[in-house]
Amino acid sequence: VSGRAGNFSGKALVFGSILAALVLVGAYLAAGGSSYEPEKVQDPCQPRPWSNPQSLGQIANQFTISALDGAACQLGVTRETLALALTTPERREAFEKRYGIDDEKLAKAIRAGLLRAVDDAEEAGALSPLIAVPLRQTLQRIPLEQAIEIINDAQGFLSDAEGFLGPAQGVLEQLLPGGLEGLGLP
Amino acid sequence: VAALALAVGLVLADSSIVVLALPEIYRELDTSVSGVTWVLVSFNLVIALAAVPAALVARRLGPARTAAVGLAVFAGAGLACGLADELSTLIVARCVQALGGAAAVTASLELLPATVGSERRAATVWAAAGATGAALGPAVGGLLTELVSWQSIFLLQVPLALVAAVPILTVARHEAATRVIEEEVRRTGRPHLWANLALAMVSAAIAAALFLLVLLLIEGWRLSPIEAAAVVSAMPLAAILGSRLTERAGEARSRAAAGAILVSGGLAGLAFLPKATVALTLPPQILVGVGLALVLSALTETALGGRAPQAIHGGWTISSRHAGVVIGLLLLTPIFTADIEQQRHDAIDAGTAVILDSPVNPLLKIDLAEKVSERLGEERGKVPTIGAAFEPKPSDPGQRSEVEQLQSELQDQLDRGATHAFSTSFLLAALLGLIALFPIALSRRVEL
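Residues numbered from 1 in each chain as written. Chains lettered and ligands numbered in written order. Predicted model: local features only at pLDDT ≥ 70, side-chain atom pairs only at ≥ 80, totals over all residues. Heavy atoms only, no water.

Some thoughts on the overall build of chain A
Right, on to step 1. Assigned secondary structure in chain A consists of 8 helices and 0 strands.
Right, on to step 2. Walking chain A from its N terminus toward its C terminus, one meets helices and strands in the order α-α-α-α-α-α-α-α.
Right, on to step 3. Within the span of chain A, comprising 186 residues, buried residues form 42% of the whole.
Right, on to step 4. For chain A, the exposed surface amounts to about 9,900 Å²; the carbon and sulfur share of it is 55%. (Helix = DSSP H or I, 4+ residues; strand = E, 2+ residues; numbered from the N terminus. Buried < 20%, exposed > 50% of the residue type's maximum accessible area, 1.4 Å probe, protein only. Areas by Shrake-Rupley, 256 points an atom, 1.4 Å probe, with all protein chains shown as cover.)

What follows is the structure in structure tokens.
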């Protein structure tokens, strides 16, 4: 075996290299180098608690998510996949082909999702039973295109529903002992 | 000496010079990641197969003549590469270029001892020219790709190869063919198995390091080729530092072991990057650079030491190194392309989840989710800047701030996801470097 005589020994060089490699890897691991986890996609069938919405915009936000969760759970897909499928007719067609879901099945699932959203909103005190009851009856018969429109524009839908109740509001205030506030209207 | 060093540097730079141009070739020639990898693989594979036969031809026909012809073929094929408008043409031209390159490099090693005075000095000049070319290749390739085009990388090689060929050609005129191949094969001792095996493994790890890092910088973090070239220059600069260390360090086997450990450590560091930040790639690159200088020179020295003729044993080292590059690329390409594809799916889901869970107006968020997923889908594997999907921003200051926060959160998710997609491949490359320790432990420089 031959080799050049050096200023420092081979052993020192090898140990120095091991040390340098361990320090680097250790430092990167300590700084979170192995902690990356992609954003988890949640199970749409699990309940997603509402976080005390204050404005109509916030209620609409939660309403949309609940509706998507409900529909996605029934179809056995993720909420994210369904949300993207509903954005354009082309994506919807691709989604229906890929998962073998026809319009009827999709409409049924979206109606179920919207009903879950009404239930969740009512449970969270964000929607009065006075609005929830007629909403449920309307949503049970709503055509597919309109159901998709409601998911895409929940705020407009809820605003319309509230507006519909507007003229009756004064009468109800007088008839009900605690007024509408007692029913949890936003 | 300058012409020979230029010839060796030019050919050995060629296996790495196109690395930074690959993303551009990939898009311009409308191919896949696996397809574009063959621009590198084909060149390295042909060099690996042709190096030893080319050395035998050099011994038979005369090294100067072989080197001059090799350089001419290299230049002609370079021109064809520069004019190629299809991937298949480019790959075929690269194969021919590799044939010429193999002849030029191995014949140069045969010519060098007479030019510099000793076989040892010749081996040093040869190894240094090759290492310099390989180290500078990516940076030069990145500069040319960004400033001119990927084609310019090959077109520039044409005059450089011809410049190197002219002085060699004058020597060739006085050269006579003297030996026959059969006699040559009989006279040549066996190649140094362990040193060459270790060279192959370490080269696989180093090639993977460079290739993966460039893809991470350009495709993952959206750096331009010139920016990526500046970043990966840390590796050759560290290699220069490492070569100084080589002169002061102990025996070849220790240097080789230390180098392999540093290369593996650097690759493991790249696998565990805590953030998608360029600065954090520098310490691992320094380790890989110093490591490659130590291990390549020590193993080449061991493989060539006391063995003659130099051209043939040099051919074996060239063959091992390039075979290693091929193995590294073929082994890791399917793994990281699958990881990148998986990351793209995860990114679309994660991006949509982040947008849906955000407090942004529902009407706006559905629109954003669609635009972001569109951007992720259309960038063909490249992690996109998603800024365009967020334009125009809402005029309401509250909503505007929510949208900006969402954009930044989403981009961070995408960048971290892209970084993570390369982790398994970097770790496997690190493992290759560590496995090289076994043949290194068994390698002994044998004086024949």
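Here's the deal with the pattern of salt bridges
Pairing is possible between side chains that carry opposite charge, provided their charged atoms lie close to one another.
Residues and elements named next belong to chain A.
Right, on to step 1. Evaluation of the coordinates by the stated rule reveals 8 salt bridges over all chains.
Right, on to step 2. A salt bridge links Arg92 to Glu96, with the shortest nitrogen-to-oxygen separation between them at 3.6 Å. Taken together, the positions of Arg92 and Glu96, both in helix 4 (residues 89-99) and 4 residues apart, correspond to about one turn of that helix.
Right, on to step 3. Classification of Arg92 by relative accessible area gives buried; the value is 14%.
Right, on to step 4. Close ionic contact of Asp103 with Arg92 constitutes a salt bridge, the shortest N to O distance being 3.7 Å. Remark: Arg92 occurs in helix 4 and Asp103 occurs in helix 5 (residues 103-123); sequence separation between them is 11 residues.
Right, on to step 5. Taking relative accessible area as the criterion, Asp103 reaches 35% and is therefore assigned partly exposed.
Right, on to step 6. One salt-bridge network, in which partners are shared between bridges, spans Arg92, Glu96, Asp103 and Glu145. (Salt bridge = Lys/Arg side-chain N within 4 Å of Asp/Glu carboxyl O.)

Description of the layout of surface pockets
Rolled over the atoms, a probe with the dimensions of a water molecule shows which regions are left empty.
Right, on to step 1. Quantified by volume, the second largest pocket comes out at close to 510 Å³.
Right, on to step 2. Surrounding the second largest pocket, 13 residues form its lining, Thr81, Leu84, Arg91 and Arg98 of chain A together with Ile348 of chain B being those nearest its centre.
Right, on to step 3. Where the lining of the second largest pocket is concerned, the elements lending two or more residues are helix 3 (79-85) and helix 4 of chain A together with helix 14 (310-357) of chain B.
Right, on to step 4. Partitioned by chemical class, the residues of the lining of the second largest pocket number 6 nonpolar, 3 polar and 4 charged. (1 Å grid on protein atoms, 1.4 Å probe; cavity = no way out; pocket = protein on both sides within 12 Å on 5 of 7 lines; lining within 4 Å. Points joined across faces, edges and corners; volume = space filled by probe spheres on them. Nonpolar A, V, L, I, M, F, W, Y, C, P; charged D, E, K, R; others polar.)

Here's the deal with the confidence of the model for chain B
Right, on to step 1. Mean pLDDT over chain B works out to 80, with 85% of the residues at or above the 70 mark.
Right, on to step 2. The secondary structure element of chain B with the lowest average pLDDT is helix 8 (residues 181-187) of chain B, at 52, and the one with the highest is helix 12 (residues 252-271) of chain B, at 93. (pLDDT = per-residue confidence, 0-100.)

Some words on helix 17 (residues 423-435) of chain B
Right, on to step 1. With 13 residues, helix 17 of chain B should cover 18 Å at 1.5 Å per step; its first-to-last C-alpha distance of 18 Å lies within 8% of that length.
Right, on to step 2. The set of residues buried in helix 17 of chain B consists of Ser423, Ser425, Phe426, Ala429, Ala430, Leu432 and Gly433 of chain B. (Expected span 1.5 Å × (residues − 1).)

Remarks on the nonpolar core
Right, on to step 1. Leu90, Phe426 and Ile440 of chain B are the most contacted members of the largest nonpolar core, which totals 95 residues.
Right, on to step 2. With 18 residues, the single largest contributor to this core is helix 9 (residues 193-220) of chain B.
Right, on to step 3. Setting aside chain neighbours within four positions, we find Ile440 of chain B in contact with Ala198, Arg253, Ala256, Ala257, Ala260, Val295 and Leu299 of chain B.
Right, on to step 4. Of all hydrophobic cores here, the second largest spans 38 residues; its members include Phe63, Ile110, Ala121 and Ala147 of chain A. (Core = buried A, V, L, I, M, F, W, Y, C linked by side-chain atoms within 4.5 Å. Contact = heavy atoms within 4.5 Å.)

A short note on the packing of helix 5 of chain A against helix 6 (residues 129-139) of chain A
Pairs of packed helices are described in terms of their axes, by the angle between the two and the distance that separates them.
All names here are of chain A.
Right, on to step 1. One can describe the packing of helix 5 onto helix 6 by two numbers: an axis separation of 10 Å at closest approach and a directional angle of 175°. When the axis of helix 5 is compared with that of helix 6, the two are roughly antiparallel. Where helix 5 approaches helix 6, its residues Arg111, Leu114, Leu115, Val118, Asp119 and Glu122 are matched on the opposing element by Pro129, Ala132, Leu135, Arg136 and Leu139.
Right, on to step 2. Considered class by class, the residues forming the contact of helix 5 with helix 6 number 7 nonpolar, no polar and 4 charged. (Axes fitted to C-alpha atoms, helices over the stretch in contact; angles between N-to-C directions. Parallel < 35°, antiparallel > 145°, perpendicular 65-115°, else oblique.)

Re the state of the cysteines
Right, on to step 1. Scanning the entire structure with this criterion turns up 1 disulfide over all chains.
Right, on to step 2. There is a disulfide in this structure between Cys45 of chain A and Cys73 of chain A, and the S-S distance comes to 2.1 Å. Given an S-S torsion of about 110°, the disulfide between Cys45 of chain A and Cys73 of chain A has right-handed geometry. Of this pair, Cys45 of chain A sits in the loop between helix 1 (10-30) and helix 2 (56-75) while Cys73 of chain A is found in helix 2, placing the two residues 28 residues apart along the sequence.
Right, on to step 3. Since its relative accessible area comes to 38%, Cys45 of chain A is described here as partly exposed.
Right, on to step 4. A residue is classified by how much of its surface remains accessible, and Cys73 of chain A, at 27% relative accessible area, is partly exposed.
Right, on to step 5. The closest cysteine sulfur to the non-disulfide-bonded Cys81 of chain B is located on Cys95 of chain B, 9.2 Å from its own sulfur.
Right, on to step 6. Residue class for Cys81 of chain B comes out buried when judged on its relative accessible area of 0%. (Disulfide = S-S within 2.5 Å.)

Overview of a negative patch on the surface
Residues and elements named next belong to chain B.
Right, on to step 1. Taken together, the side chains of Glu24, Glu28, Glu146 and Glu227 define an acidic patch exposed on the protein surface.
Right, on to step 2. Tracing the backbone shows Glu146 in helix 6 (residues 119-147).
Right, on to step 3. Its relative accessible area of 34% is what places Glu146 among the partly exposed residues. (Patch = residues over 30% accessible without salt bridge, like charges linked within 9 Å, V, L, I, M, F, W, Y side chains within 5 Å. Lys, Arg positive; Asp, Glu negative; His and termini not counted. Charge placed at Lys NZ, Arg CZ, Asp CG, Glu CD.)

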